[in-house]
Amino acid sequence: MPKRVDHEERRAQIAEALIRVAGRQGLHAVGMRDVAAEAGVSLRLVQYYFETKEKLLFYGLQHLTDRFTARVGARLAAIGPAPGPRATIEALLLASLPTDEEGRTFHLLYSSYSILSVTDEALAAQPFIDNPDAAEDAVAGLLEGARASGLADPGIDARTEAISLLAMTATMGTSILVGQRSPESAIAVLDHHLDRIFRAGGAAAGPVS
């Protein structure tokens, strides 16, 4: 009896290959043939599942996002039950910093997707991500809840602080990638701003490495 093919598993296998080869060569330089070779499958099979490079890139972006979500979840699980708003925000922000190979790959490729979505006509014709404000909404919601419950400075504007934290993290991630600053110095800057926001809440959990 012929073996049943799990199509989602095969797509994920190809997406993982895309992420690996793009992490080495840069997203702009990756072709479908490169991905096929990395995945150990034929070019025809990659084309069967994705038809075009643009479709492969968009599936790869979703796969990269899923990996990031799992990375944040693992950090929160390591803290324990009910981590609280500060620890949850830290887990989200630190997971996106290139402090290890997984973080480096995420930051490099996510930044590359952003740039390509502006300059590549095929990618620009589609939304870069389905919900571009998801992270901002999540952080703003956590900050608003912390402010309302007395865990954060009552004078903060939750939305503005969320935007600032995310923008700061993205910029510092790039500065780590290019060697401008160390991961430790970037984490110290984030701690400084979180201490300012949560100073009314007493002791808070430190960053999860």
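About the criteria used
Residues numbered from 1 in each chain as written. Predicted model: local features only at pLDDT ≥ 70, side-chain atom pairs only at ≥ 80, totals over all residues. Heavy atoms only, no water. Helix = DSSP H or I, 4+ residues; strand = E, 2+ residues; numbered from the N terminus. Buried < 20%, exposed > 50% of the residue type's maximum accessible area, 1.4 Å probe, protein only. Areas by Shrake-Rupley, 256 points an atom, 1.4 Å probe, with all protein chains shown as cover. Arc of directions from axis to C-beta. Contact = heavy atoms within 4.5 Å. Salt bridge = Lys/Arg side-chain N within 4 Å of Asp/Glu carboxyl O. Polar contact = N/O pair within 3.5 Å; in protein donor to acceptor, adjacent residues only side chain to side chain.

### Remarks on the overall build of the chain
The secondary structure content of the chain amounts to ten helices and zero strands. The buried share among the 209 residues of the chain stands at 37%. In the structure as shown, the chain presents an accessible area of about 11,100 Å², 56% of it carried by carbon and sulfur atoms.

### What to know about helix H2 (residues 32–39)
Among the residues of H2, those classed as buried are Met-32, Val-35, Ala-36 and Ala-39. Down the axis of H2, the buried set is contained in an arc of 100°. They therefore lie on one face. Exposed side chains of H2 directed beyond 90 degrees from the buried face belong to Arg-33 and Ala-37. In this fold, the buried residues of H2 make contact with helix H1 (7–25), helix H3 (43–50) and helix H4 (53–79). One or two steps after H2, the chain reaches Gly-40, where phi turns positive at roughly 75°.

### So, the pattern of salt bridges
Following the criterion strictly, the structure yields 15 salt bridges and no others. Residues Glu-51 and Lys-55 are paired through a salt bridge, measuring 2.6 Å at the closest nitrogen-oxygen approach. On the accessibility criterion, Glu-51 (53% relative accessible area) is exposed. Given the relative accessible area of 43%, Lys-55 is considered partly exposed. Each of Arg-86, Glu-90, Asp-191 and Asp-195 takes part in salt bridges that share partners, so that together they form one network.

### Here's the deal with the environment of Asp-100
Turning to its location among the elements, Asp-100 is positioned in the loop between helix H5 (84–95) and helix H6 (101–119). Note on Asp-100: relative accessible area 34%, which makes it partly exposed. Put simply, Asp-100 and Pro-183 are 83 residues apart on the chain and 9.2 Å apart in space, counted from C-alpha to C-alpha. Only 3.0 Å separates the side chain of Asp-100 from the side chain of Arg-71, close enough to count as a polar contact.

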